[in-house]
Amino acid sequence: MIPAAFEYARPTSVSEAVSALSEGGEDAKVLAGGQSLIPVLRLRMAYPSVVVDVGRIDEMRGVRDDGDAIVIGAMTTHHDVLHDDLVRQHAPVIAQATQTVADPQVRHRGTFGGALAHADPAGDLGGVALALGCEFVAHGPSGERRIAASDFFQDYLTTALGADEVLTAVRVPKLGDGWNSHYEKFNRVAQAWSIVGVAALVKRSDGSIAEARVGLTNMGSTPLRAAAVESALAGADASADAVGAAAEHAAEGTHAPSDLSGAADYREHLARVLTRRAVLAAAGIMP
Ligand SMILES: Cc1cc2nc3c(=O)[nH]c(=O)nc-3n(C[C@H](O)[C@H](O)[C@H](O)COP(=O)(O)OP(=O)(O)OC[C@H]3O[C@@H](n4cnc5c(N)ncnc54)[C@H](O)[C@@H]3O)c2cc1C
């Protein structure tokens, strides 16, 4: 279908984008890579009065080193994130998860910030951002504010961003020494969305696990942390048995959906299996 008519703005700076959004009011929409928004417009599931295309804002692209964090511009494409040296060095789990996002065509157009702002619970990057403790940098009429990943995802396709705010970048804390990570995704066919996904970050200390962080994809209306698994792993033996026992808690506190790809109890089973696999891989333990 042809989208309903809308005004189109193509700013070249963040401040122009914020002005265009403010003028558009509640019905303004940011356009990034268009991989999710364009189908929504064509299906007439949204009727924005103004579409603010941020594709010409150079300051929103690229990855830079900022001391204890790397900063990924919201308009950096999945392809560029995937091949970025800073990402591979300091947050390899982002590269690993991004590799599983869709196909090369979508990864060349879709953006890191667009995927996170879209907040589809089946999206692979939300759980990763939660586990990494990322900070979301938003610009609005009152200037810049930072939103913790734990506050960013509020509900299905809903984030803490205001209608007049643009997500400009995501700050990814560098993992210190001793941390390793792994992303495990289960989907029906290659290049499809996650039925369930698990991001595991593990810090080992001699023969035990000092700390672990686990992010879950598609186990609720938002990405979630598997808090019960994390507590069970803290101080546990770095053994397959201990990891297996901790992973049994993976579905606690989740609200998995039932849909054509799987029933809730099947997803709960997947969460346990994938958490075990992801933690073992991140901890470097042979199953
Ligand atoms: C066939 C297909 C398969 C896919 N498979 C996967 C998959 O396996 N895993 C996965 O994680 N994703 C998948 N995706 C989604 C993909 O990651 C998209 O890139 C992403 O959902 C949207 O990114 P975008 O840059 O295209 O954003 P757009 O489509 O332009 O925007 C999406 C939404 O986010 C808002 N938005 C975008 N950028 C900003 C910003 N900077 N500030 C404020 N709001 C913003 C828009 O207003 C809109 O509401 C798939 C998409 C397609 C088309």
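Heads up: the structure comes first, above all this text.
Visitor: I'd like to hear about the pattern of salt bridges, residue by residue, with values.
Guide: According to the stated counting rule, one finds 11 salt bridges in the structure shown. Between Arg 64 and Asp 66 there is a salt bridge, with the nearest N and O atoms lying 3.9 Å from each other. For Arg 64, a relative accessible area of 46% gives the class partly exposed. Between Arg 146 and Glu 135 there is a salt bridge, with the nearest N and O atoms lying 3.5 Å from each other. Here Arg 146 is found in strand β7 (residues 143-148), whereas its partner Glu 135 is found in strand β6 (residues 135-140), with 11 residues between them in sequence.

Visitor: Could you give me a rundown of the site of the ligand, with the residues and numbers involved?
Guide: Around the ligand sit 30 residues, and of these Val 30, Ser 36, Leu 37, Thr 111 and Asp 124 come closest. The contact in question runs from an oxygen atom of the ligand to an N or O atom on the side chain of His 78, over 3.1 Å. Here Thr 111 contributes a side-chain N or O atom positioned 2.6 Å from an oxygen atom of the ligand. Against a free-state accessible area of 970 Å², the protein chains account for coverage of 89% of the ligand. Where the shell around the ligand is concerned, the elements lending two or more residues are β2 (28-31), α7 (112-118) and β10 (166-173). Among the elements that make up the shell around the ligand, the one with the highest residue count is α7 (4 residues). The class makeup of the residues in the shell around the ligand is 16 nonpolar, 11 polar and 3 charged.

Visitor: Go over unusual backbone geometry with me, naming the residues and quoting the values.
Guide: Of note, Ala 119 is a non-glycine position whose phi angle comes to about 55°, a positive value. On the secondary structure map, Ala 119 appears in the loop between α7 and α8 (125-132). On the accessibility criterion, Ala 119 (5% relative accessible area) is buried. In this structure, Asn 218 is a non-glycine residue whose phi angle is positive, near 65°. Tracing the backbone shows Asn 218 in the loop between β13 (208-217) and β14 (224-225).

Visitor: Break down the nonpolar core for me, citing the residues and quoting the values.
Guide: A general feature of soluble globular proteins is that nonpolar side chains tend to end up buried together. One finds Ile 94, Leu 132, Phe 136 and Val 172 to be the most contacted residues of the largest nonpolar core, which totals 53 residues. Sort the elements by how many residues they give to this core and α8 lands first, with 6 residues. Excluding residues within four positions of it along the chain, Val 172 makes contact with Asp 68, Ala 69, Ile 70, Ile 72, Ala 91, Ile 94, Leu 132 and Cys 134. Of all hydrophobic cores here, the second largest spans 30 residues; its members include Ala 212, Ala 251, Ala 271 and Ala 283.

Visitor: Can you lay out the packing of aromatic side chains for me, pointing to particular residues and giving the numbers?
Guide: Taken as a whole, this structure holds 3 aromatic pairs when the rule is applied. Considering the side-chain rings of Phe 136 and Phe 153, the 5.8 Å spacing of their centres and the 85° angle between planes classify their relative orientation as edge-to-face. Of this pair, Phe 136 sits in strand β6 while Phe 153 sits in strand β8 (residues 153-155), and the two are 17 residues apart along the sequence. You'll find Phe 136 and Phe 153 in the same group, each marked buried. Grouping aromatic residues by their ring pairs yields a cluster made of Phe 136, Phe 152 and Phe 153.

Visitor: Break down empty space enclosed by the protein for me, citing the residues and quoting the values.
Guide: Under the definition given, this model contains 1 cavity of 30 Å³ or more. Considering only enclosed or pocket space, the largest cavity measures out at about 30 Å³ in volume. For the largest cavity, the full set of lining residues is Ile 94, Phe 112, Leu 116, Leu 125, Val 128, Ala 129 and Cys 134. Examining the composition of the lining of the largest cavity, we find that 3 residues originate from one element, α8, more than from any other. A breakdown of the residues in the lining of the largest cavity according to their chemical character gives 7 nonpolar, no polar and no charged.

Visitor: An account of the sheet that holds strand β3 (residues 50-53) is requested, with residue identities and associated values reported.
Guide: Spatially, 3 strands are ordered β1-β3-β2 in an open sheet, and the strand pairing comes out parallel. This sheet does not close on itself; its edge strands, each paired only once, are β1 (7-9) and β2. Pairs of neighbouring strands in the sheet enclose a mean axial angle of 25°, with direction left out of account. Two strands pair when backbone bridges link them, and β2 and β3 are joined in this way by 4 bridges, in the parallel orientation. Across the sheet, residue Lys 29 finds its bridge partner in β3, namely Val 51.

Visitor: I'd love a proper account of the sheet that holds β7, names of residues and values included.
Guide: The 5 strands are arranged β4-β5-β10-β6-β7 in an open sheet whose pairing can be described as antiparallel. Edge positions in the sheet fall to β4 (63-66) and β7, since each has one partner strand and no second. Across the sheet, the axes of successive neighbouring strands diverge by a mean angle of 25°, strand direction being ignored. The strands touched by helix α1 (residues 14-24) are β6 and β10; relative to β10, the strand with the most contacts, the crossing angle is about 130°.

Calculation criteria
Residues numbered from 1 in each chain as written. Predicted model: local features only at pLDDT ≥ 70, side-chain atom pairs only at ≥ 80, totals over all residues. Heavy atoms only, no water. Salt bridge = Lys/Arg side-chain N within 4 Å of Asp/Glu carboxyl O. Buried < 20%, exposed > 50% of the residue type's maximum accessible area, 1.4 Å probe, protein only. Helix = DSSP H or I, 4+ residues; strand = E, 2+ residues; numbered from the N terminus. Near = heavy atom within 4 Å. Polar contact = N/O pair within 3.5 Å; in protein donor to acceptor, adjacent residues only side chain to side chain. Areas by Shrake-Rupley, 256 points an atom, 1.4 Å probe, with all protein chains shown as cover. Nonpolar A, V, L, I, M, F, W, Y, C, P; charged D, E, K, R; others polar. Core = buried A, V, L, I, M, F, W, Y, C linked by side-chain atoms within 4.5 Å. Contact = heavy atoms within 4.5 Å. Phe/Tyr/Trp six-rings, centres within 6.5 Å; stacked < 30°, edge-to-face > 60°. 1 Å grid on protein atoms, 1.4 Å probe; cavity = no way out; pocket = protein on both sides within 12 Å on 5 of 7 lines; lining within 4 Å. Points joined across faces, edges and corners; volume = space filled by probe spheres on them. Pairing = 2+ DSSP bridges. Axes fitted to C-alpha atoms, helices over the stretch in contact; angles between N-to-C directions.

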